[in-house]
Structure formats: C-alpha cells, structure tokens
Amino acid sequence: MDLTNRPRRLRRTDCIRRLNRETRMSVDSLIYPIFVDETLSGVRPIESLPGQNHYGLDSVYQAVEDCLSAGVKHCILFGLPARKDACGSSAWEERGVIQEAVRAIKAEFPDFTVITDVCMCEYTDHGHCGILHGHEVDNDATLAYLAKIAVSHARAGADMVAPSDMMDGHVAVLRKALDENGFQDTAIMAYSAKYASAFYGPFRAAAGSAPSFGDRKGYQMDPHNRKEALRECALDAAEGADILMVKPALSYLDVIRECADAFDLPLCAYSVSGEYAMIKAAAAAGLVDERRIMCETALSVFRAGANMLITYYAQEIANAIRMGEIG
Ligand code: PBG
C-alpha cells in the first residue's frame, strides 16, 4: 500500500511509544487523603473505602511514612472530631484533631506538604457545611467561622488550606484572615468547581459527614453546568486562590479541560471516594484489572489538563509510575 501517513510507526516499540507520550505523570503531582480520628488510638480500616484507614493522632505518622516510602510528598487531611455541635466549634479549636495532626506530622516530617480541608460538615451535628438559618446554610454567617478554621490550621503549620464548603466569597475572606494573622505564605487551594455529586457517598460514611436532612444542592454545583464552573474558577482566582480545583474528576473531565485552558493558575482534580470505591468493587468482583483501570483513569485526568491529583490510590499510582507502567 502506498500510505504516506502511518501513525503506527510511532507505536512500534515500547521505547518509541514512551518517546511519543503526550502526557507525563510524576509522583510529585500526587496528593494522598488522610483521615484522622480524634477518638482513635492506632489504625482502623475504613469499611466504605477498602484499603484505606482511619488514623489516630498517635499513628498518623504511619500514613506519612507509607506515603514517603512510595514517593508521595503531599497529603490532604480530614478530621473526625470527638465532639460536634450546631456551629462546628471543634473545627477551630487550638487543640482540635486537625490542628494536632498537622503539628504531629510537621514535627516529624517538616518537608512533607500538609494541606487541610476547610469545611464544617465533619464538625456540625447536622452535617451541613456551614451555619444553619432554618433549614438553609447561611452563606455570610458561615464565612467568619471558615476564616477561624483556616487561621487555626495555618497556626498549626499547614502549608495550604483547601476550603471545600462552596460558600460564596470564601476565598477572599480566608485570604484576608490569613494575611491579617501573619500567614501571607499559607496557600489557598480552592475547591472551585465542586459538584453536588453522588460520588461522595463512601467519604461521607468514612468521615461521618452526611447531612442529617436535605442535601448539598443549595451550595454545591449542579452537575448539568459547565459554564458555571468557569465562573466559579474566575471568582476564586479573583479572590486570591493559588490553586483551583475540579471535583469529582472522572465524570467531569470536560470541566477539567475547560478550566485548564481558561486559567493560568495550577489546576487540581480530586478523584473522589466513589470513583475509588467503584474500581475497588469492580475489581473485587473480578470484572476489571484494578491496576490498569487505576492507571488509565488517573492518566485521563492529567490528559484532560489537571496539574495535580488528589487520589486514594496515590501510593499505588506512585508505584506504577516507578515501575514504568504509566507516566
Ligand atoms: C467536605 C468534603 C467532602 C469531600 C471532600 N471534602 C464531602 C462532601 O462535600 O460531602 C468528598 C471527598 C470524597 O468523596 O472523596 N465538604
């Protein structure tokens, strides 16, 4: 056959295929979620997230050691407090679960990046992400509480705070509060386009953060919307976010691509609990090759334009990169 164009030429050998890769992955881009339970001593497996654990304050260093031995250098912390109330006051306590976890990690591993999730749903007795006014989350009343939480995390030594509450104006309020308290260098990773998703189910079981009534559609984004994600990112960028985020990842690859193209800020994607749990369940049923599905889905997020990825598979993906299976 007289064919001028033969794309197969660049697929001929493994070496040439590696040369021709358009997307490169690095362990440096992986962030691992760690759940710290104030009431726990030691390590307890999380039922809704097979392979993941709750850590007590006395054992959170083990999670960090596992990360470091896999080459993972960054974590995001979620807390399960001993006490909840209507305004989530355990979220900003000087000796709260996250504040203590940050101190414990930073004392032993000062270079390990610690990002803290700033939200109220794990700390409120009603499970909503802010202060209630009747059955609604009161946006403006919530902002002052979020600021207190973020400042307390920064004071404990967090490198970045990641507000996941989806209140309007939260990035500006956090930036101002951090600056006023001398934390100009604490970065804000904004959960900019966070959708009201069914993919958070296993996380809510793990974190005890499901709303006791209603849902989060009044503050998280409608999955039908794409332009609104651009608008959310634009607002967060204008308010001083250092990193933007799209969450979940897999069902929102189009949104990741658009946000990556439209903004010059680094873009994070969060491959959430339901994405992980689906792969785990399909693999446990013998239906898919877990390792390859894990690699392919993570790769798709970077190909879509994300610069970094929060994933429960961070350690395994790091291993796959090192073994040359991906990257
Ligand atoms: C807190 C928060 C949630 C997740 C991250 N931060 C739950 C929610 O919004 O209900 C979900 C993460 C995951 O599913 O892995 N607001």
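What counts and how
Residues numbered from 1 in each chain as written. Predicted model: local features only at pLDDT ≥ 70, side-chain atom pairs only at ≥ 80, totals over all residues. Heavy atoms only, no water. Patch = residues over 30% accessible without salt bridge, like charges linked within 9 Å, V, L, I, M, F, W, Y side chains within 5 Å. Areas by Shrake-Rupley, 256 points an atom, 1.4 Å probe, with all protein chains shown as cover. Salt bridge = Lys/Arg side-chain N within 4 Å of Asp/Glu carboxyl O. Lys, Arg positive; Asp, Glu negative; His and termini not counted. Charge placed at Lys NZ, Arg CZ, Asp CG, Glu CD. Helix = DSSP H or I, 4+ residues; strand = E, 2+ residues; numbered from the N terminus. Buried < 20%, exposed > 50% of the residue type's maximum accessible area, 1.4 Å probe, protein only. Phe/Tyr/Trp six-rings, centres within 6.5 Å; stacked < 30°, edge-to-face > 60°. Expected span 1.5 Å × (residues − 1). Contact = heavy atoms within 4.5 Å. 1 Å grid on protein atoms, 1.4 Å probe; cavity = no way out; pocket = protein on both sides within 12 Å on 5 of 7 lines; lining within 4 Å. Points joined across faces, edges and corners; volume = space filled by probe spheres on them. Nonpolar A, V, L, I, M, F, W, Y, C, P; charged D, E, K, R; others polar.

Caption draft 1: Seen up close, a positive patch on the surface. Together, Arg6, Arg8, Arg9 and Arg11 give the surface a local cluster of positive charge. One can find Arg9 in the segment before helix 1 (14-19). With a relative accessible area of 46%, Arg9 lands in the partly exposed category.

Caption draft 2: Structural detail: the packing of aromatic side chains. According to the stated counting rule, one finds ten aromatic pairs in the structure shown. Between the aromatic rings of Phe35 and Tyr312, the centroid separation amounts to 6.3 Å while the plane-to-plane angle is 10°, which identifies the pairing as stacked. With Phe35 in strand 1 (residues 30-37) and Tyr312 in the loop between strand 12 (308-311) and helix 11 (314-322), this pair connects stretches of sequence that are 277 residues apart. Judged on exposure class, the residue Phe35 and its partner Tyr312 are both buried.

Caption draft 3: Highlighting the environment of Ala282. Locating Ala282 in the fold gives a position in helix 9 (residues 273-284). Expressed as a C-alpha distance, the spacing of Ala282 and Gly208, which sit 74 residues apart in the sequence, is 25 Å.

Caption draft 4: Representation of helix 3 (residues 97-108). For helix 3, with twelve residues, the first-to-last C-alpha span of 17 Å sits near the 16 Å given by 1.5 Å per residue. Residues of helix 3 that are buried: Val97, Ile98, Gln99, Glu100, Ala101, Val102, Ile105 and Lys106. On its buried side, helix 3 packs onto strand 1, helix 2 (60-70), strand 4 (74-80), strand 5 (113-118) and helix 4 (139-156).

Caption draft 5: Structural context of empty space enclosed by the protein. Applying the stated criterion across every chain, the model contains two cavities of 30 Å³ or more. Estimates place the volume of the largest cavity at around 150 Å³. Taken together, 18 residues form the lining of the largest cavity, with Cys121, Lys194, Tyr200, Phe203 and Lys247 sitting closest to its centre. Looking at the lining of the largest cavity, the elements that each hand over two or more residues are strand 9 (187-194) and helix 6 (201-207). Split into classes, the residues belonging to the lining of the largest cavity amount to nine nonpolar, four polar and five charged.

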